[in-house]
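Residues per chain are reported as follows:
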Amino acid sequence: MSKPDIKQSYPEHPSLAAVSIAFLKVSLYGIGGGGGLVWARRITVDQQRWISEQDFADIVSLCQFMPGPNIVGIAVCVGTRLRGAIGAVAAVSGFLLIPWTIGFIVGVLCLQHAQNPVLQHILGGISAAAAGLLVATGLRMMLPHRGSPAAVIFASLGFLLMALAKLPLLIVLIGLAPLSIAAAGFQIARAR
Amino acid sequence: MSDPSILAALTARLALLSSISFGGFPTVLPDVRHFVVVAHGWVTDQEFTNYFALAQSIPGPNMILMMSFVGWKVWGLPGALASAAATFGPPCTIYFASYSLWDRFRDARWQETVRRGLVPVTIGLVIASGTVMARAADVDWQAAAVTIAAATLMLSTRLNPLWMLLAGGTLGGLGLL
């Protein structure tokens, strides 16, 4: 936790430009489904220390319940938390403007060419590594909760129902969330 | 295809679908396909599949890009811009409103309970999406080894994850996966 690239201070209000650039990085580094989450956590929690691990997990939970691309939601919520509505605009602009323009131009050019096998293999290798990074990000988020048996049980259930039983995300959330919240309520009541 | 009503119809449909895409935009992809391929024939099935594969392999906002390719095919650059806006605009508004509401009740006791209940389920789902992606990407044991190595390195070191993506891409490009 004491590497030089990690800031020890906790800036209350980072500049709009900093917020925008952070989400520009999240956008450009995140390849494949869920890739942005890896970078959003690394940049906003580990490197910049703009928000706590708990706030980040809160935001991810909230975004999973809302419609739309979750990672855009994370940009909106982190931006709002840091600088209010204008922060949300800065984060979303950083996330979208440049990456969309580059991606759109590259995409339209690619669509005019046939499927190149070398390109396909490179993309395949990147996706394999990206999948490992996403699993590791989930495990990292779990670290603060490993002492709570209920948390471990519900995290495992969520994992099993989606990865092995292959139920749709919304079904898993609606099915597990009330039980998990009830268990948490019971735990809190008992602790008082 | 220069009829403005086509542009309006596509934009309106995408805005509606993005507003109800609970669980992420991929959940409404079948509906988008039905609308543009089956019902209107603006895009062929093959084109739709190509857009998906391409959007998945370009860094950045994948689903927004994919809808921009659809919009580009249907109505050129205005179509691409309108489709992009329809895909991220409505969800952004919903995210902002709900986060502001959540933030207002930050200190409420019920929120602590909801948080403690929701967060573990969410984390389980994040790990699950990683393994679902791995299942699609790991076509052989070499690719699976790359996935496991990337996860291990990320957990045990502070190495920049870009190196792992670069290594994966290099191994793939050399035909080793």
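The written sequence of each chain sets the order in which its residues are numbered from 1. Starting at A for chains and at 1 for ligands, labels are handed out in the order in which the entities are written. The predicted nature of this model means local features are confined to residues of pLDDT at least 70 and side-chain atom pairs, given and counted, to a pLDDT of 80 or more, with totals for whole chains, interfaces and linings taken over all residues. With hydrogens and water stripped out, all remaining heavy atoms of the structure feed into the side-chain values.

Novice: Which parts of the structure should I look at to understand the overall build of chain A?
Specialist: Counting its regular elements, chain A contains 7 helices and 0 strands. The way it works is that DSSP assigns letters per residue, a run of H or I at least four long becomes a helix, a run of E at least two long becomes a strand, and they are numbered from the N terminus. Ordered by position from N to C terminus, the α and β elements of chain A give α-α-α-α-α-α-α. With the C-alpha coordinates aligned to their principal axes, the bounding extent of chain A is approximately 60 × 45 × 35 Å. Each residue is assigned to one of three classes by its accessible area relative to the maximum for its type, calculated with a 1.4 Å probe on protein chains only: buried under 20%, partly exposed between the two thresholds, exposed over 50%. Out of the 192 residues belonging to chain A, those deemed buried represent 52%. For chain A, restricting intrachain contacts to residue pairs at least 6 apart in sequence, the fraction spanning at least 24 positions comes to 59%. For chain A, the computed accessible surface area is about 8600 Å², with 69% contributed by carbon and sulfur atoms. His residues and chain termini do not enter the charge count, which takes Lys and Arg as positive and Asp and Glu as negative. One atom stands in for each charge, and that atom is NZ of Lys, CZ of Arg, CG of Asp or CD of Glu. One finds the centroid of the 13 positive side-chain charges in chain A at a distance of 4 Å from the centroid of its 6 negative side-chain charges. We call two residues contacting when some pair of their heavy atoms lies within 4.5 Å. Surface exposure here means Shrake-Rupley accessible area, sampled with a 1.4 Å probe, where a residue is shielded only by the protein chains that are shown.

Novice: I would appreciate a short explanation of helix H7 (residues 169-191) of chain A in the present structure.
Specialist: Along an α-helix, residues three or four positions apart point the same way, because every turn accommodates 3.6 residues. With 23 residues, H7 of chain A extends 32 Å between its outermost C-alpha atoms, agreeing within 8% with the 33 Å of an ideal straight helix rising 1.5 Å per residue. Two axes enter the definition of the bend at a residue: one is fitted to the seven residues ending there, the other to the seven starting there, and the bend is the angle between them. Taken as a whole, H7 of chain A carries its principal kink of about 30° at Leu176 of chain A; the proline Pro178 of chain A stands between one and four residues after it. On its buried side, H7 of chain A packs onto helix H3 (53-65) and helix H6 (149-164) of chain A together with helix H5 (109-137) of chain B. By this rule, a helix spans an expected 1.5 Å times one less than how many residues it contains.

Novice: So what exactly am I meant to see when it comes to the packing of aromatic side chains here?
Specialist: How two aromatic rings sit relative to each other is given by the distance of their centres and the angle of their planes. Think of it this way: a Phe, Tyr or Trp ring, Trp meaning its six-membered ring, pairs with another when their centres are within 6.5 Å, and the plane angle makes it stacked under 30 degrees, edge-to-face over 60, tilted otherwise. Evaluated as defined, the whole model comprises 7 aromatic pairs over all chains. For the pair Phe104 of chain A and Trp72 of chain B, a centre-to-centre distance of 5.4 Å together with 80° between the ring planes defines the contact as edge-to-face. Taken as a pair, Phe104 of chain A in helix H4 (residues 70-111) and Trp72 of chain B in helix H4 (residues 62-104) lie in two separate chains rather than in one. Taking the relative accessible area as the measure of exposure, Phe104 of chain A reaches 6% and is therefore buried. Ring geometry for Phe105 of chain B against Trp110 of chain B: centres 6.0 Å apart, planes inclined by 50°, an arrangement best described as tilted. Residue Phe105 of chain B is classed as partly exposed on the basis of its relative accessible area of 37%. Residue class for Trp110 of chain B comes out partly exposed when judged on its relative accessible area of 46%. A connected cluster of aromatic rings, assembled from ring pairs, spans Trp100 and Phe104 of chain A together with Tyr51, Phe69 and Trp72 of chain B.

Novice: Can you help me understand the side chain of Ser61 of chain A in this one?
Specialist: Within the secondary structure, Ser61 of chain A is located in helix H3. On the basis of relative accessible area, Ser61 of chain A is assigned to the buried category, the value being 3%. Polar contact criterion, stated in full: a pair of N or O atoms within 3.5 Å, where within protein one must be able to donate a hydrogen and the other to accept it, and residues adjacent in sequence count only if both atoms are side-chain atoms. Separated by 3.1 Å, the side chains of Ser61 of chain A and Thr122 of chain B make a polar contact. Among residues more than four places away in sequence, those in contact with Ser61 of chain A are Leu118, Val119 and Thr122 of chain B.

Novice: In this structure, what is going on with H4 of chain A? I would like to understand it.
Specialist: For H4 of chain A, spanning 42 residues, the distance from its first C-alpha to its last is only 27 Å, which falls clearly below the expected 62 Å at 1.5 Å a residue. Largest kink in H4 of chain A: about 140°, centred on Arg83 of chain A.

By themselves, these are just geometric observations and shouldn't be taken as functional.
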